[in-house]
Amino acid sequence: ATITHVIERTNTVTGIPYAEDPTILAWETGNELDAPTAWTEEIAAHIKSLDPNHLVIDGHYGIDPDILDNEQIDIVSNHYYWPTGYDDDYASALTADIDFLNGQRPFILGEFGLVYTWRVEELLEVVVDEQIAGAMIWSLRTHDVEGGFYWHTETDEEDFTFRSYHWPGFDSGDEYDETEVLTMMRDAAFAIQGLSTPTVTAPAPPQILSVEPDMHITWQGSTGAASYRLERRESQRATWEVVASDFHDAETENTATVADETASGLVPYHYRMIAENDGGESNPSATYGPIEYDQQFFHDPLDD
């Protein structure tokens, strides 16, 4: 009943029924299942009866050898975490799965993560060399609608801490080589298509969400932005001046704030923000203001 409800649902934003939506690659039977083959066959047949337009992925944790002759299953996958039978040697575990499949189905590396960077590099080399259909690292999180990024934190078998990855990588993720890992993931994404990695393009403008009376500005960042610049002016005809630069939005969980530390209570201010990366800088955000500074307000973020 749940599957029927989802597949027959119409997207309220686009007006397109999910069963007819060309942006959907496939329906997966579940996440890291230990399901009997008969159950998978029944569910796959039900999905196809409702939606013959899309592919079906077997969501079994590990490849179910008895499902490979079923025509309703289009793609198989596996997830690689400790333990895989190969400990943290995900490359060897993936190679074993590839040898076992022997080309019987397209293969997607559904999830992997919580390993050191050199293990990630080994795995991605196999992904590219064997032309795997895709590989998804756990986990890349998007910008939070209230500023900053969505976060999660996990530990591996040795109690080493990993946090969610935030593109394009920031110094807040240096402990687990965030920038290096994400660069490798991007390179592999193009390499499995037989393409060289293109240059990074300049980001879109960020969005200023609020300015508090103590002149702490909260903003929603731009995809791919590595840093930001905050500018202000005292009237609509005044020249913009830089009040903060080279800061980013991955420092604090689920929020991003920057302070105008030189504001005074003499005039109202207008603010704008610009995003930057190796591809250049964005157009300015929409202007926010006028904002009057409250000299009696004290802000302590309690970060030390």
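As the structure is a prediction and not an experimental result, all values here were calculated from the model. (Residues numbered from 1 in each chain as written. Predicted model: local features only at pLDDT ≥ 70, side-chain atom pairs only at ≥ 80, totals over all residues. Heavy atoms only, no water.)

1. So, the overall build of the chain
Then step 1. On a plain count of helices and strands, the chain comes out with five helices and 15 strands.
Then step 2. Overall, the chain is about 75 × 45 × 35 Å in size when its C-alpha atoms are taken along their principal axes.
Then step 3. Out of the 304 residues in the chain, the part that is buried amounts to 45%.
Then step 4. A sequence separation of at least 24 residues applies to 61% of the contacts in the chain between residues at least 6 apart.
Then step 5. As displayed, the chain offers around 16,400 Å² of accessible surface, 48% of which is attributable to carbon and sulfur atoms. (Helix = DSSP H or I, 4+ residues; strand = E, 2+ residues; numbered from the N terminus. Buried < 20%, exposed > 50% of the residue type's maximum accessible area, 1.4 Å probe, protein only. Contact = heavy atoms within 4.5 Å. Areas by Shrake-Rupley, 256 points an atom, 1.4 Å probe, with all protein chains shown as cover.)

2. Quick word on the sheet that holds strand β9 (residues 216-220)
The pairing of strands in a sheet comes from backbone hydrogen bonds and takes either a parallel or an antiparallel form.
Then step 1. Taken together, the three strands give an open sheet; going across it, the order is β8-β9-β12, and neighbouring strands pair in antiparallel fashion. Each edge of the open sheet carries a strand with a single partner, namely β8 (207-211) and β12 (257-259). For this sheet, the mean angle separating the axes of adjacent strands, direction not counted, is 35°.
Then step 2. Two elements, β8 and β9, share four bridges in a ladder whose sense is antiparallel. Paired with Val-211 across the strands is Ile-217, a residue of β9. (Pairing = 2+ DSSP bridges. Axes fitted to C-alpha atoms, helices over the stretch in contact; angles between N-to-C directions.)

3. Re the nonpolar core
Then step 1. Counting 41 residues, the largest nonpolar core has Tyr-80, Leu-94, Phe-107 and Phe-112 as the members making the most contacts within it.
Then step 2. The greatest single-element share of this core, amounting to six residues, is contributed by helix α3 (residues 90-101).
Then step 3. When near neighbours in sequence (up to four residues on either side) are disregarded, Leu-94 contacts Tyr-80, Phe-107, Leu-109, Leu-123, Val-126 and Val-127.
Then step 4. Of all hydrophobic cores here, the second largest spans 18 residues; its members include Val-211, Ala-244, Ala-263 and Ile-291. (Core = buried A, V, L, I, M, F, W, Y, C linked by side-chain atoms within 4.5 Å.)

4. A closer look at the pattern of salt bridges
Then step 1. Tallied over the entire structure, the rule returns 10 salt bridges.
Then step 2. Close ionic contact of Asp-260 with Arg-232 constitutes a salt bridge, the shortest N to O distance being 2.8 Å. One end of the pair, Asp-260, is in the loop between β12 and β13 (269-277); the other, Arg-232, is in strand β10 (residues 227-233), with 28 residues separating them in the sequence. Residue Asp-260 shares its accessibility class with Arg-232, and that shared class is buried. (Salt bridge = Lys/Arg side-chain N within 4 Å of Asp/Glu carboxyl O.)

5. Here's the deal with the layout of surface pockets
Then step 1. Each pocket or cavity is described by its volume, and for the largest pocket that value is around 460 Å³.
Then step 2. Taken together, 17 residues make up the lining of the largest pocket; nearest its centre are Glu-251, Thr-252, Ala-256, Thr-257 and Val-258.
Then step 3. Along the lines of polarity and charge, the residues of the lining of the largest pocket split into six nonpolar, seven polar and four charged.
Then step 4. Counted as a void, the second largest pocket has a volume near 330 Å³.
Then step 5. Along its surface, the second largest pocket is lined by 14 residues, and Ala-135, Met-136, Leu-140, Met-185 and Ala-189 are the ones closest to its centre.
Then step 6. Those elements that place two or more of their residues in the lining of the second largest pocket are α4 (117-129), β5 (134-137) and α5 (178-191).
Then step 7. A per-element tally of the lining of the second largest pocket places α5 first, with five residues. (1 Å grid on protein atoms, 1.4 Å probe; cavity = no way out; pocket = protein on both sides within 12 Å on 5 of 7 lines; lining within 4 Å. Points joined across faces, edges and corners; volume = space filled by probe spheres on them. Nonpolar A, V, L, I, M, F, W, Y, C, P; charged D, E, K, R; others polar.)

6. Observations regarding the side chain of Ser-227
Then step 1. Considering the arrangement of structural elements, one finds Ser-227 in strand β10.
Then step 2. Residues within four places of Ser-227 in sequence aside, it is in contact with Asp-246, Phe-247, Ile-274, Ala-275 and Glu-276.

7. What to know about the packing of aromatic side chains
Then step 1. As enumerated under the stated definition, the model contains nine aromatic pairs in all.
Then step 2. When the centroid spacing of 5.3 Å and the interplanar angle of 80° are considered together, the rings of Trp-219 and Phe-247 count as edge-to-face. Here Phe-247 lies in strand β11 (residues 241-247) and Trp-219 lies in strand β9, a separation of 28 residues in the sequence. Summarising the burial analysis for this pair, Trp-219 and Phe-247 share the class buried.
Then step 3. Following the ring pairs from residue to residue traces out a cluster consisting of Phe-162, Tyr-165 and Tyr-176.
Then step 4. One cation-aromatic arrangement involves Arg-141 over Trp-138; the distance from NZ or CZ to the ring centre is 5.4 Å.
Then step 5. In this arrangement the basic side chain of Arg-232 is found over the ring face of Tyr-269, its NZ or CZ atom lying 4.6 Å from the centre. (Phe/Tyr/Trp six-rings, centres within 6.5 Å; stacked < 30°, edge-to-face > 60°. Lys NZ or Arg CZ within 6 Å of the ring centre and 35° of its normal.)

8. Structural notes on the sheet that holds strand β1 (residues 26-28)
Then step 1. The five strands are arranged β1-β2-β3-β4-β5 in an open sheet whose pairing can be described as parallel. A single partner strand is all that each edge strand has here, and the edge strands are β1 and β5. When strand polarity is set aside, the average angle formed by the axes of neighbouring strands in this sheet is 25°.
Then step 2. Judged from the three bridges that link them, strand β4 (residues 107-112) and β5 form a sheet pairing that is parallel. By the bridge assignment for β5, Leu-109 is matched with Ala-135.
Then step 3. Along the sheet, helix α2 (residues 37-50) contacts β1 and β2 (55-58); its crossing angle with β2, the most-contacted strand, is approximately 160°.

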